[in-house]
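# Topology and contacts: notes
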Amino acid sequence: GVSLTVGKDATLTVTDNAVLSAECNYMWNGIVTEDNSQTYLIDASIKDAYHAVSMCNTGYYKMLNTLFEDNYISIFSQSPVGSLALGKILGCTFNGTGTLKRNLIDFSDTPFHYPLAGIYTTGLQIPLNISGAINTFQNLNNGIVIFNTDMQISNCSFDRIFQYDNIPTYTKGCAIQ
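Here we summarise the structure given alongside this text. (Residues numbered from 1 in each chain as written. Predicted model: local features only at pLDDT ≥ 70, side-chain atom pairs only at ≥ 80, totals over all residues. Heavy atoms only, no water.)

## Brief notes about the overall build of the protein chain
Of regular secondary structure, the protein chain possesses zero helices and 16 strands. Expected size for 177 residues packed as a compact globule is a radius of gyration near 16 Å; at 15 Å, the protein chain falls within 12% of this value. Once the C-alpha set of the protein chain is aligned to its principal axes, its extents read approximately 40 × 30 × 30 Å. Residue burial in the protein chain is summarised as follows: out of 177 residues, 46% are buried. Taking contacts inside the protein chain between residues at least 6 apart in sequence as the whole, the part at least 24 apart equals 62%. (Helix = DSSP H or I, 4+ residues; strand = E, 2+ residues; numbered from the N terminus. Rg over C-alpha atoms; globule rule 2.2 N^0.38 Å. Buried < 20%, exposed > 50% of the residue type's maximum accessible area, 1.4 Å probe, protein only. Contact = heavy atoms within 4.5 Å.)

Pasting the structure below:
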């Protein structure tokens, strides 16, 4: 699938109700960030992506009032243990509608219908503990999945988090795991 890459030292700004989505029957790969890049998603929508935003550990991220909908994973990271993302995520909604598009990478006979997680991170601390607008996680197999990191989580609302699909055994319908 297609991806949008924010190159080293580059900036991506998506605002004013702009929508990034797949216009075919398959997911796109989402936004991939590289070292020292800056990503601003403000009053935007990111839909139908395998990983809507793939974060690196040296980027800056500002995500405000953005809708993440029907992405397999909305915010994804695999970073060295102890890495810290700079920026903030405020007032965002992570939502599934039960109509996930097929993934070009996995042609299994049992596709997912709901997102695996709103946020899935290994090693990277993501800034969710800033006071302000609430981040909402709803209609997902998992809200936030965290491996090999400590992370403060506040100002988040979880609704209808349930094991909708046959998901891997390490993620079982949890708001925060």
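## Section: the side chain of Glu 69
Examined against the element boundaries, Glu 69 turns out to sit in strand E9 (residues 67-69). Not counting residues within four places of it along the chain, the set of residues in contact with Glu 69 comprises Ile 46, Lys 47, Asp 48, Asn 95 and Thr 97.

## Some remarks on unusual backbone geometry
The residue Asp 43 is not glycine, and still its phi comes out positive at about 55°. Its place among the elements puts Asp 43 in the loop between strand E5 (38-42) and strand E6 (45-47). We note that Asn 139 has phi near 60°; this positive angle belongs to a residue other than glycine. Along the chain, Asn 139 falls in strand E14 (residues 135-140). Judged by relative accessible area, which is 14%, Asn 139 ranks as buried.

## Remarks on the sheet that holds strand E1 (residues 3-6)
For sheets, the rule is that strands pair by backbone hydrogen bonds, running either parallel or antiparallel. In space, the six strands of this open sheet follow the order E1-E4-E7-E10-E13-E15, with parallel pairing throughout. Looking at the sheet topology across the chains shown, the edges are occupied by E1 and strand E15 (144-147). The average angle at which neighbouring strand axes cross in this sheet is 20°, direction not considered. Across three bridges, strand E7 (residues 51-54) lies against strand E10 (residues 73-84) in parallel orientation. Within the sheet, the bridge partner assigned to Ser 54 lies in E10 and is Phe 76. (Pairing = 2+ DSSP bridges. Axes fitted to C-alpha atoms, helices over the stretch in contact; angles between N-to-C directions.)

## Describing the sheet that holds strand E12 (residues 93-95)
With parallel pairing, six strands are arranged side by side in an open sheet as E3-E6-E9-E12-E14-E16. Of all strands in the sheet, those with a lone pairing partner are strand E3 (19-20) and strand E16 (156-161), marking the two edges.

## Describing the packing of aromatic side chains
Counted according to the given criterion, the structure contains seven aromatic pairs. When the centroid spacing of 5.0 Å and the interplanar angle of 20° are considered together, the rings of Phe 137 and Phe 158 count as stacked. With Phe 137 in strand E14 and Phe 158 in strand E16, this pair connects stretches of sequence that are 21 residues apart. (Phe/Tyr/Trp six-rings, centres within 6.5 Å; stacked < 30°, edge-to-face > 60°.)

## As for the side chain of His 51
Here His 51 is to be found in strand E7. Once residues within four sequence positions are removed from consideration, His 51 is found in contact with Asn 29, Gly 30, Ile 31, Ile 73, Ser 74 and Phe 76.

## Details of the pattern of salt bridges
All chains considered together, the criterion is met by three salt bridges. The closest approach of N and O atoms between Lys 101 and Asp 48, which form a salt bridge, is 3.7 Å. Placement of the pair is Lys 101 in the loop between E12 and strand E13 (117-125) and Asp 48 in the loop between E6 and E7, with a sequence separation of 53 residues. Residue Arg 160 pairs with Asp 159 through a salt bridge whose shortest N-O separation is 2.4 Å. Residue Asp 159 is classed as partly exposed on the basis of its relative accessible area of 34%. (Salt bridge = Lys/Arg side-chain N within 4 Å of Asp/Glu carboxyl O.)

These figures capture arrangement, not role.
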